[in-house]
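Below are the chains, spelled out letter by letter.
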Amino acid sequence: MASRKVLTLVLLRKDGQVLLGMKKRGFGKGKWNGFGGKVEQGETILEAAAREVSEECGLVVKTEDFHETGTILFEFKGDPVLLEVHVFQSSKFEGSPVETDEMRPQWFKEEEVPFSEMWKDDELWFPLMLQKKKFDAFFLFEGHEKILEQKIDVL
């Protein structure tokens, strides 16, 4: 039976732009992505989202300023661990984005999101997020570039 790893993913937005980070190391290296990561023992999903944003780009988001956007379940063929990713967005945050050891943040116009340099699933659910529609999704990947199965339900 597969186990699950619970993760967060945060998209920060302002003035028709979305903040993405170029992943500099680890899982997803070389891809633009939102900010997030593992939920640590003893913290809530929202606390993890706030911590990860702060650690990865230096911005401060209060937990009450996150808007739940969706949940995505990722399965990678041959890997028994499913990734349960809770997607949030916020347009309320404090500070200025800074580069960290893990991420190089950059603002993109919403109509110029660099999907060709992101995870393949992003272009399928990102438009829903930009329209502030809630969704549940499932993606089965072979490797990191090929989607074998997908399902997206708008809630």
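Anything mentioned here points back to the structure above.
What comes next concerns the included structure. (Residues numbered from 1 in each chain as written. Predicted model: local features only at pLDDT ≥ 70, side-chain atom pairs only at ≥ 80, totals over all residues. Heavy atoms only, no water.)

Points about the layout of surface pockets
If you add up the space inside the largest pocket, you get close to 750 Å³. Taken together, 35 residues form the lining of the largest pocket, with Leu-7, Phe-27, Asn-33, Gly-36 and Gly-37 sitting closest to its centre. Residue assignment for the lining of the largest pocket shows that the elements contributing at least two residues are strand E1 (3-14), helix H1 (45-57), strand E4 (67-76), strand E5 (81-90) and helix H2 (122-130). At four residues, the largest contribution of residues to the lining of the largest pocket is made by E1. When its residues are assigned to classes, the lining of the largest pocket shows 14 nonpolar, seven polar and 14 charged. Considering only enclosed or pocket space, the second largest pocket measures out at about 150 Å³ in volume. (1 Å grid on protein atoms, 1.4 Å probe; cavity = no way out; pocket = protein on both sides within 12 Å on 5 of 7 lines; lining within 4 Å. Points joined across faces, edges and corners; volume = space filled by probe spheres on them. Helix = DSSP H or I, 4+ residues; strand = E, 2+ residues; numbered from the N terminus. Nonpolar A, V, L, I, M, F, W, Y, C, P; charged D, E, K, R; others polar.)

Details of the nonpolar core
Core analysis: the largest hydrophobic core is formed by 26 residues, its most contacted members being Leu-11, Leu-20, Ile-72, Phe-74, Trp-125 and Phe-126. Only E1, strand E2 (17-23), E4, E5, H2 and strand E7 (135-142) provide two or more residues apiece to this core. Of all the elements, H2 adds the most residues to this core, at five residues. Residues in contact with Phe-126, not counting those within four places in the same chain, are Leu-11, Val-18, Leu-20, Val-113, Phe-115 and Met-118. With 13 residues, the next largest nonpolar core counts Val-10, Leu-19, Val-53 and Phe-66 among its residues. (Core = buried A, V, L, I, M, F, W, Y, C linked by side-chain atoms within 4.5 Å. Buried < 20%, exposed > 50% of the residue type's maximum accessible area, 1.4 Å probe, protein only. Contact = heavy atoms within 4.5 Å.)

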